[in-house]
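Topology and contacts: notes
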Amino acid sequence: MAEERPGTWFGFGFCGFGQALGSGRGLQVHSPEPLRGPEADADICRVSASWSYTAFLSRAGQVLLSGSVDGAAGGCRDAWASEALLVVLRDGQGPGPGAELQAWDPGSALRGEPLWTQTVVPDADLGDRPGSEAQNQTLPLLPCARAYVSPRPPLHRPLAPELRARRLELGAEHVLLLDEAGQVFSWGGGRHGQLGHGTLEAELQPRLLEALQGLRMAEVAAGGWHSVCVSETGDVYIWGWNESGQLALPCRRLAEEGQPVAGDAAGLDEDGSAGSRAAGAVDGAPAPFIAVQPFPALLDLPRGSDAVKASCGSRHTAVVTGTGELYTWGWGKYGQLGHEEAASRDRPCRVEYFVHKQLQVVAVSCGPWNTYVYAVGREGS
């Protein structure tokens, strides 16, 4: 959820289905633009973007759909969008703290009857434990923290009782879970190294990421086939598929296109903006291109910045720093990196729009091919 301090939502990237994304001109927006239309006036607190549509949740409990479907519904606590399902958590019909989980065909635009419903009750024991973040849990993790929603059958999937989930993220083929102790578990498909266990094998059950043991994590994010987590001390760890530079590691495809590669330190200015040196070899040595990174790799952000939030698209990555700056990298064909162009990048680059406008980025939410950002004015600006 975005913080209470008044601010504005911005969007950039793919909007070929008419999703609210800044001005929404044409098929793409290359630079951050404030949301326009009904969504701009709805006091949005959460954005969940799928490929062809976006679900906006307002603080008043209204879900607004924009894109290939256009609809709205009230009495909502949360919403999660995917191409297969639109999942909405709504206020329960009876007394008590229970809520009703509804799964809709996205094409229904929240009209008619949902595909299925289920009553969910928050886990009282979970919410009472010291340091619990039960109130901050969001879909696809259910309020009970002992089950989650999947876009593929079975739609309702229980979690083992010993897993005290704080956050859960779904990639195209894998799942990431952050527990209350700051440990990360992963399972599902692993053919692109997205599970982080050092192999390309699938895991049928949640498996602890041993490479991160002893490090308390605060955030996890799942891309299409890559994964990111942020530690409580602000370090970024990243692993999986690097086909478009989404790991901020040297990418062969981008080097062949003549773009600066991550290993080229001379091509990177202090603030993460592009330098003038061409891509390719460093001091005559071949660039160490990385296609798959099956272990978590520590990523250093420019200027020694500490990260506080992360989000992943299908093949791009976005990180918010403790000082409210936004860095993006990876696939940029539709402008989803926000750098006023459609180029891809395999190293963290600061989105200068928010710096120039003296805005502090508070939250970021990536769709598969686009990016939404919540920002507030910097104090004293």
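The residue numbering used here restarts from 1 in each chain and proceeds along that chain's sequence as written. Reporting in this predicted model follows two pLDDT cut-offs: at least 70 for local features of residues, and 80 or more for side-chain atom pairs to be given and counted; totals over whole chains, interfaces and linings ignore these cut-offs and use all residues. Calculated side-chain values reflect all of the structure's heavy atoms, with hydrogen atoms and water omitted.

1. Observations concerning the nonpolar core
- Ranked by size, the top nonpolar core spans 31 residues in total, and within it Phe 56, Leu 326, Phe 354 and Tyr 372 carry the most contacts.
- Elements that contribute at least two residues to this core include exactly strand 1 (8-14), strand 3 (44-49), strand 22 (316-321), helix 3 (352-356), strand 25 (359-366) and strand 26 (370-377).
- Discounting residues that sit within four places of it in the chain, Phe 354 has contacts with Phe 10, Pro 32, Leu 326, Leu 359, Val 361, Val 373 and Ala 375. As used in this record, nonpolar core signifies buried Ala, Val, Leu, Ile, Met, Phe, Trp, Tyr and Cys residues forming a set joined through side-chain atoms within 4.5 Å. For the exposure calls, accessible area comes from a 1.4 Å probe over protein chains only, and a residue counts as buried if that area is under 20% of its type's maximum, exposed if over 50%, partly exposed in between. Strands are runs of DSSP state E lasting at least 2 residues, helices are runs of H or I lasting at least 4, and numbering of each runs from the N terminus. Every residue pair with non-hydrogen atoms within 4.5 Å of one another is taken to be in contact.

2. A short note on the side chain of Glu 203
- Along the chain, Glu 203 falls in strand 16 (residues 203-208).
- Separated by 2.8 Å, the side chains of Glu 203 and Arg 207 make a polar contact. Between N or O atoms, a polar contact is any pair within 3.5 Å; within protein, one atom must be a potential hydrogen donor and the other a potential acceptor, and residues adjacent in sequence are included only when both atoms are from side chains.

3. Description of the environment of Met 217
- Mapped onto the secondary structure, Met 217 falls in strand 17 (residues 217-222).
- Judged by its relative accessible area of 0%, Met 217 is buried.
- In this view, Met 217 contacts Arg 166, Leu 178, Gly 182, Val 184, Leu 212, Cys 229, Val 230, Ser 231, Glu 232 and Tyr 237; residues no more than four positions away in its chain are not counted.

4. Digging into the pattern of salt bridges
- Here, a salt bridge means any Lys or Arg side-chain nitrogen found within 4 Å of an Asp or Glu carboxyl oxygen. Summed over all chains, the structure comprises 13 salt bridges.
- Across the pair Arg 253 and Glu 243 runs a salt bridge whose closest N-O atoms are separated by 3.3 Å. Of the two residues, Arg 253 is situated in helix 2 (residues 252-256) and Glu 243 in the loop between strand 19 (236-241) and helix 2; the sequence distance between them amounts to 10 residues.
- Its relative accessible area of 27% is what places Arg 253 among the partly exposed residues.
- For Glu 243, a relative accessible area of 22% gives the class partly exposed.

5. With respect to the side chain of Arg 350
- For Arg 350, the location among the structural elements is in strand 24 (residues 345-350).
- A polar contact is formed between the side chain of Arg 350 and the side chain of Glu 325, at a distance of 2.8 Å.
- Side-chain polar atoms of Arg 350 contact the side chain of Glu 352, separated by 3.0 Å.

6. Here we look at the state of the cysteines
- Note on disulfides: each one is a pair of cysteine sulfur atoms within 2.5 Å. In this structure the tally under the stated criterion is 0 disulfides.
- The closest cysteine sulfur to the non-disulfide-bonded Cys 366 is located on Cys 312, 6.8 Å from its own sulfur.

7. A closer look at the sheet that holds strand 13 (residues 165-170)
- Across the sheet, 4 strands lie side by side as 13-14-15-16; this open sheet has antiparallel pairing. Both edges of this open sheet fall to strand 13 and strand 16, since each of them pairs with a single strand only. Shown here is a sheet whose adjacent strand axes are inclined to one another by a mean of 15 degrees, direction ignored. Note on pairing: two strands pair once DSSP finds at least 2 bridges between them. For helices, the axis comes from a line fit to the C-alpha atoms of the stretch in contact; other axes are also lines fit to C-alpha atoms, and the angle between any two N-to-C directions lies between 0 and 180 degrees.

Without other data, these values stay purely geometric and don't point to any function.
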